[in-house]
Amino acid sequence: MVCVMKKLILFIGALLLTYGAAAQSFTFNHDEVVMNQFTVAETGTGNLGGNNFQWYYDLFHNSYSDWAPEKNKQAFRLENYYTLYKEVPMAETIDTCLKERAKIEGFNLIDRQVDLVWSMEKSKIEAKQQAFQKNINSIVPLGGTSIDKKHWQNVYEAIDCGLRAVRDGYLPNSERQKSYLLMYKDLVRYNTQLVALLIDLSNRNQLKDIEKANSIPRSDVTRHATSCFARWKVALTTGGSSKISGGQGIGIQE
């Protein structure tokens, strides 16, 4: 029984090995005519019909069999390779330019994303803004109108909007610096004009105070006129000069 089992196992193993070898094997049938057709079309070598089918090409495809060996794909490949080869220097130039441009854009990204100028100019600009805003708030207390204050506030807001636009913009630091300096000059110029206005308002207030302090009260014109008229009547009646309490004598010569 054991021997029978061993023989069965050996038989099954041999069968599996045979099946595996058969499954991995393949057959190759060489066709001379087909090979010649491919070689003639690709490189121009070989014979289209060979010895058995030349009559077929002579009867039905005589013109093709004449020019096929000369006009093959190999000539087309060579021509195409030569055309592409001439484009290699141009392609290398384009590649070099693109790489250089990529480096420049890399530096531009770093330069435009980090605002280094604002960190240097921030304290100076913000100090001038604070002074400008303080002067604007002093317009009305010094005697200016609300319209004047609104006008100068609009000027301040326009400059502040420009500063924020430059800070948020995609600009190189060189352009940012030019913009910040121009806006700082505007702040100085407008603040100087506003200071001149405030000084003028302050001077007006001082003049009003001086006039008010040094003003002499007006005399009572009606009372003095009545007193003079009364003295004149007395002088006419007495025919000479007379004195009236609270006044001075008036002499009239006839």
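Structure first, text after, so check above.
Along each chain, residue indices are assigned from 1 in the same order as the chain's sequence is written. Per-residue local features of the predicted model are confined to residues with pLDDT of at least 70, and side-chain atom pairs are confined, for both listing and counting, to 80 or more; whole-chain, interface and lining totals are unaffected and use all residues. To get the side-chain values, take all heavy atoms of the structure and skip hydrogens and water.

Visitor: Would you mind showing me how to read the packing of aromatic side chains here?
Guide: The relation between two aromatic rings is expressed through the spacing of the ring centres and the mutual angle of the planes. To pair, rings of Phe, Tyr and Trp, with the six-membered ring standing in for Trp, must have centres within 6.5 Å; the planes then decide the type, stacked if under 30 degrees apart, edge-to-face if over 60, and tilted in the middle. Considering all chains together, one arrives at five aromatic pairs under this definition. Taken together, a centroid distance of 6.5 Å and an interplanar angle of 75 degrees make the contact between W152 and Y190 edge-to-face. On the criterion of sequence distance, the pair formed by W152 in helix α8 (residues 146-168) and Y190 in helix α9 (residues 173-214) is long-range, its members being 38 residues apart. The class of Y190 is partly exposed, set by a relative accessible area of 24%. Here the aromatic cluster, defined as three or more aromatic residues joined through ring pairs, consists of F132, W152, Y156 and Y190. Throughout this description, the term charge over a ring refers to an Arg CZ or Lys NZ atom that lies within 6 Å of the ring centre and within 35 degrees of the ring normal. The residue whose ring lies beneath R189 is Y190, and the NZ or CZ to ring-centre distance is 4.4 Å. Every helix listed is a DSSP run of H or I at least four residues long, and every strand listed is a run of E at least two residues long, numbered separately from the N terminus. Only protein chains enter the accessibility calculation, which uses a 1.4 Å probe; a residue whose area is less than 20% of its type maximum is buried, one above 50% is exposed, and one in between is partly exposed.

Visitor: Hey, could you run me through the pattern of salt bridges in this one?
Guide: When charged atoms on two side chains of opposite charge get close, those side chains can pair. Each salt bridge in this description consists of a side-chain nitrogen of Lys or Arg and a carboxyl oxygen of Asp or Glu lying within 4 Å of one another. Per the stated rule, a full pass over the model turns up seven salt bridges. Here K124 makes a salt bridge to E121, at a shortest N to O gap of 3.0 Å. Of this pair, K124 and E121 are both found in helix α7 (residues 116-137), three residues apart, which corresponds to roughly one turn of the helix. Of the charged contacts, one joins D200 and R204 as a salt bridge, the two residues approaching to 3.0 Å between their closest N and O atoms. In this pair, D200 and R204 both sit in helix α9, four residues apart, roughly one turn of the helix.

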